[in-house]
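Fold and contact review
Each chain, written out:
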Amino acid sequence: MYMCFVTDPLTKGGTPIDPGRLSPYETLRPRNRDRAYHVAIFPNTFFSLYPDALFRIILSPTSAGTTVEYATFMSHDGAFGVYDADGKEVLRDMFEFWDLINTQDIGIVENVHEGTSTPLYRGGRFSFRFEEPVHRFQNMVVDKMIANLKTRFHVPVGDVDYALMDKDKPDDDQSFSF
């Protein structure tokens, strides 16, 4: 079971992971050269696949309140043929940026966990619009954990206004194929 969202198109924001710093994977289809896929695989794996690199996280719970996180950054052999910079330096910058963002995310998650553990929190989303994919994934996890056969293999539908958003795109343009 998985959940995925796409960033399309990728834009430049002055970060080490901006598109164009490395050449894309050679076998990438043209439609995927300007987009990234962000995937969560139940129960403990997340990855972001960009045209030139992949960043993966595997979560390994060690107790009720502790999880060890393993991060992997990968690119391709062609990444070392970078235009005006040393490929190793670009890759190091990219990894350090991912590590910074991920470390910041860990702090955010820890703060959210602390806040949702208080009696004042009654459940639900913090941001209706931006947490729809996460909410769907959480419902899928809950459905897998309960033994009710009606919901155990159920994939919750998305919010109507966002589920219809890409209806005008051809089916083959929304596929997860490279």
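Owing to the predicted nature of the structure, the values given are computational and were not obtained by experimental measurement.

**Notes on the overall build of the protein chain**
Along the protein chain, the regular secondary structure elements total four helices and five strands. With 178 residues in all, the protein chain has 24% of them scored as buried. Considering only contacts within the protein chain whose residues lie at least 6 apart along the sequence, 53% involve residues at least 24 apart. Approximately 12,200 Å² of the protein chain is accessible, and the part contributed by carbon and sulfur atoms is 58%.

**Topic: the pairing of strand β5 (residues 66-74)**
With nine bridges connecting them, strand β4 (residues 54-63) and β5 associate as antiparallel partners. Bridge pairing in β5 places Phe55 opposite Phe73. Between β4 and β5, which pair antiparallel one after the other, the connecting turn spans two residues.

**Remarks on the confidence of the model for the protein chain**
Mean pLDDT over the protein chain stands at 80; residues scoring 70 or higher make up 81%. Taken element by element, the protein chain is modelled with least confidence in helix α4 (residues 160-163), mean pLDDT 50, and with most confidence in strand β3 (residues 45-49), mean pLDDT 95. The low-confidence segment residues 162-167 (pLDDT under 50) makes three contacts with residues lying over four places distant or belonging to another chain.

**A short note on a nonpolar patch on the surface**
On the surface, Ile108, Val112 and Phe126 cluster together to form a nonpolar patch covering roughly 290 Å² of accessible area. Structurally, Val112 can be placed in helix α1 (residues 87-116). A relative accessible area of 35% places Val112 in the partly exposed class.

**Concerning unusual backbone geometry**
In this model, Asp8 is joined to Pro9 through a cis peptide bond whose omega is 0°. With respect to the helices and strands, the residue Pro9 is situated in the loop between β1 (2-7) and β2 (36-41). At the junction of Phe42 and Pro43, the peptide bond is cis and its omega measures out at 5° in the coordinates. For Pro43, the location among the structural elements is in the loop between β2 and β3.

**Quick notes on the pattern of salt bridges**
Applying the stated criterion across every chain, the model contains two salt bridges. One salt bridge in this structure joins Asp8 and Arg35, with 3.1 Å as the shortest N-O distance. Of the two residues, Asp8 is situated in the loop between β1 and β2 and Arg35 in the loop between β1 and β2; the sequence distance between them amounts to 27 residues. With relative accessibility at 37%, the residue Asp8 sits in the partly exposed group. Note that Asp93 and Arg21 form a salt bridge whose closest N and O atoms lie 3.9 Å from each other. Taken together, the residues span a long stretch of sequence, with Asp93 in helix α1 and Arg21 in the loop between β1 and β2 at a distance of 72 residues. The class for Asp93 is partly exposed, based on a relative accessible area of 23%.

Conventions and cut-offs
- Residues numbered from 1 in each chain as written.
- Predicted model: local features only at pLDDT ≥ 70, side-chain atom pairs only at ≥ 80, totals over all residues.
- Heavy atoms only, no water.
- Helix = DSSP H or I, 4+ residues; strand = E, 2+ residues; numbered from the N terminus.
- Buried < 20%, exposed > 50% of the residue type's maximum accessible area, 1.4 Å probe, protein only.
- Contact = heavy atoms within 4.5 Å.
- Areas by Shrake-Rupley, 256 points an atom, 1.4 Å probe, with all protein chains shown as cover.
- Pairing = 2+ DSSP bridges.
- pLDDT = per-residue confidence, 0-100.
- Patch = residues over 30% accessible without salt bridge, like charges linked within 9 Å, V, L, I, M, F, W, Y side chains within 5 Å.
- Salt bridge = Lys/Arg side-chain N within 4 Å of Asp/Glu carboxyl O.

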